[in-house]
Amino acid sequence: MAIPETSGSKVVASLSTTPAAAGHTGGTFARMSKYRAAGSGAADRDAGTAFWLMAPALALYAVFTLLPIAATFWLSFNSSAGFNTSASFVGFGNYAKAAHDPIVWKSLVHTFVWLAYHVVMAGGLGLLLALAVSRLRFTQVFFRTAFFLPHLVSLAVVGVIWANIYDPFFGLLNTALTRIGLGAFTQGWLSDPALVLFSVNVASSWQGFGLYMLLFIAGLQNIDRSLYDAAEVDGANAVQKLIYVTLPGLREVMTFVVSLAMINGLKGFATVFVMTNGGPFYQSELITTYIYRLAFQSQDHGLAAVLCILLSLLAIVITIVFNRWRARLSQ
């Protein structure tokens, strides 16, 4: 059945059969192919240039990050008594040894308690001071600087300072309690198994709360002031404005501070090592301090490598759970 020709089909047919039109169309496709080929060649050259520019950084990352991770996995399946001794393959023997080591479980529990202490004390103190300092008009800069200064001191120095403060005979804390008539509350703050982890965490939180305070102050400055005006019009008091305006406005900053506090809590090594070295009777032992004890004092590198992997998995799990919690809060 013949299809009737329309005026449009005649024009198309005439253009397609005209030599000039065919040459023009062919030239257009040729130029497009040429430009496409030139573009892909330029993209390949850019990719190659980017790779060679990143090569030094990638090499450093491989040497100082990927290679130690691989070495840690290799050590976890071997028994090694020192850096200059030969290693023997033991399979999952180190993992079984870690599972049956009571100090491993005790240090793991202490690590979780340490995280909770640090988030509550350092983060909570930072929030309270931010709420107080943000209300000041003329002395705000002074107090922000004064409260931030401890963060500039290294954790090792903080440990030495607070070890002297906690001295049971000549320390500032017990001396002050005695002078004000509260001598019954004097304690051996670093020798009491029930108090030592809390006491050491106070020193670590004192070093870190200044940074969290500044972050909360920055968050308070970003809250729209009209929300407070609207709350006052509705008759809200100070507590209601804090609950319904301030805290929701600080939600993003709070999640960031909590994540930062948890990361700093997992790195709790220097303060504990300087002040108690994990004692007394392993009551302040953390995963990080026990890793150091195994690797450099007991020379059990295989078990230390297992605990390094355990600490890494712990950090990954906490990060995943926290990110899901933060995503749920932002919805």
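Residues numbered from 1 in each chain as written. Predicted model: local features only at pLDDT ≥ 70, side-chain atom pairs only at ≥ 80, totals over all residues. Heavy atoms only, no water.

Definition in use: UniProt positions are given in the numbering used here, feature names are shortened, and annotations may be inferred rather than shown by experiment.
If you look the protein up in an unreviewed UniProt entry, it shows as Raffinose/stachyose/melibiose transport system permease protein from Rhizobium etli. The Subcellular location (unreviewed entry) field of the UniProt record for the protein holds the comment "Cell membrane".

1. So, the pattern of salt bridges
Rules: Just to be clear on terms, a salt bridge is a Lys or Arg side-chain nitrogen sitting within 4 Å of an Asp or Glu carboxyl oxygen. Partly exposed describes any residue whose relative accessible area lies between the buried limit of under 20% and the exposed limit of over 50%, with all areas from a 1.4 Å probe on protein chains only and scaled to the type maximum.
In total, this model carries 3 salt bridges according to the counting rule given. Salt-bridge contacts for Lys241 lead to Glu232; the nearest nitrogen and oxygen are separated by 3.2 Å. Residue class for Glu232 comes out partly exposed when judged on its relative accessible area of 49%. Between Glu285 and Arg293 there is a salt bridge, with its nearest N and O atoms 2.8 Å apart.

2. A word on the packing of helix α5 (residues 140–148) against helix α8 (residues 196–221)
In a pair of packed helices, the angle between the axes and the distance between the axes together describe the arrangement. Rules: Axis definition: a line fit to C-alpha positions, over the contact stretch in the case of helices; interaxial angles, taken between N-to-C directions, run 0 to 180 degrees. Helix and strand definitions follow DSSP, with helices as H or I runs of at least four residues and strands as E runs of at least two, each counted in order from the N terminus. The contact criterion used throughout is that any non-hydrogen atoms of two residues lie within 4.5 Å. Each residue is assigned to one class: nonpolar for Ala, Val, Leu, Ile, Met, Phe, Trp, Tyr, Cys and Pro, charged for Asp, Glu, Lys and Arg, and polar for all the others, Gly among them.
Orientation of α5 relative to α8, taken along the N-to-C sense of each, is 145°, at an axis distance of 8 Å. Residues Gln140, Arg144, Phe147 and Phe148 of α5 pack against Phe209, Gly210, Leu211, Met213, Leu214, Ile217 and Gln221 of α8. Considering only residue class, the contact of α5 with α8 consists of 7 nonpolar, 3 polar and 1 charged.

3. Quick notes on the environment of Asn164
Locating Asn164 in the fold gives a position in helix α6 (residues 155–165). As a C-alpha pair, Asn164 and Met275 span 111 residues in sequence and 9.3 Å in three-dimensional space. Those residues in contact with Asn164 that lie beyond four places of it in its chain are Gly171 and Leu172.

4. Topic: helix α10 (residues 238–249)
Stated formally: The reported arc concerns the directions from the helix axis to the C-beta atoms and nothing else. Residues adjacent in sequence count toward polar contacts only when both atoms are side-chain atoms; beyond that, a polar contact is any pair of N or O atoms within 3.5 Å, and within protein one must be able to donate a hydrogen and the other to accept it.
Taken together, the buried positions of α10 are Lys241, Val245 and Thr246. Looking straight down α10, one finds that the buried residues subtend no more than 85° of arc, so they occupy a single side. Opposite the packed face of α10, turned more than 90 degrees from it, sit the exposed residues Val239 and Tyr244. Packed against the buried residues of α10 are α4 (102–133), α8 and α9 (225–233). Residue Asn237 occupies the N-cap position of α10, its side-chain oxygen lying 3.2 Å from the main-chain nitrogen of Val239.

5. Here we look at the packing of aromatic side chains
Short version of the rule: Note on aromatic pairs: the rings of Phe, Tyr and Trp (six-membered ring only in Trp) are paired at centre separations within 6.5 Å, and the planes decide the class, stacked below 30 degrees, edge-to-face beyond 60, tilted for the rest.
Under the counting rule described, the total for this entry stands at 15 aromatic pairs. Between the aromatic rings of Phe77 and Tyr95, the centroid separation amounts to 5.4 Å while the plane-to-plane angle is 45°, which identifies the pairing as tilted. Placement of Phe77 in the loop between α2 (19–76) and β1 (78–79) and of Tyr95 in helix α3 (residues 93–99) is noted, with a sequence separation of 18 residues between them. For Phe77, a relative accessible area of 22% puts it in the partly exposed group. For Tyr95, a relative accessible area of 26% puts it in the partly exposed group.

6. Remarks on the packing of α8 against helix α11 (residues 251–266)
Cut-off, in case you're wondering: Throughout this description, any angle smaller than 35 degrees is read as roughly parallel, any larger than 145 degrees as roughly antiparallel, any in the 65 to 115 degree range as roughly perpendicular, and the remainder as oblique. Note: crossing handedness is left-handed where the near helix turns anticlockwise from the far helix by less than a right angle, and right-handed where it turns clockwise.
At a closest axis distance of 10 Å, the pairing of α8 and α11 adopts a crossing angle of 170°. In terms of axis orientation, α8 runs roughly antiparallel to α11. Judged by the sense of rotation from one axis to the other, the crossing of α8 with α11 is right-handed. Mapping the contact onto sequence places Leu211, Tyr212, Leu215, Phe216 and Gly219 in α8 and Val253, Met254, Phe256, Val257, Leu260, Ala261 and Asn264 in α11.

7. Comments concerning the side chain of Thr276
Turning to its location among the elements, Thr276 is positioned in the loop between α12 (270–275) and α13 (287–297). Owing to a relative accessible area of 15%, Thr276 belongs among the buried residues under this scheme. A distance of 2.7 Å separates a polar atom in the side chain of Thr276 from a polar atom in the side chain of Ser284. Residue contacts for Thr276: discarding those within four places in its chain leaves Leu190, Val196, Val200 and Ser284.

8. Topic: the confidence of the model for the protein
Defined as follows: One confidence number per residue, pLDDT, is output by the predictor and ranges from 0 to 100.
Confidence in the prediction for the protein averages 83 pLDDT; 85% of positions are at 70 or higher. A low-confidence stretch, residues 1–25 stays under pLDDT 50, and its non-local contacts, those more than four residues away or across chains, total 4 contacts.

9. Quick notes on the environment of Ile161
Looking at the secondary structure, you find Ile161 in helix α6. Along the backbone, Ile161 and Ala203 are 42 residues apart, and their C-alpha atoms lie at a distance of 8.7 Å.

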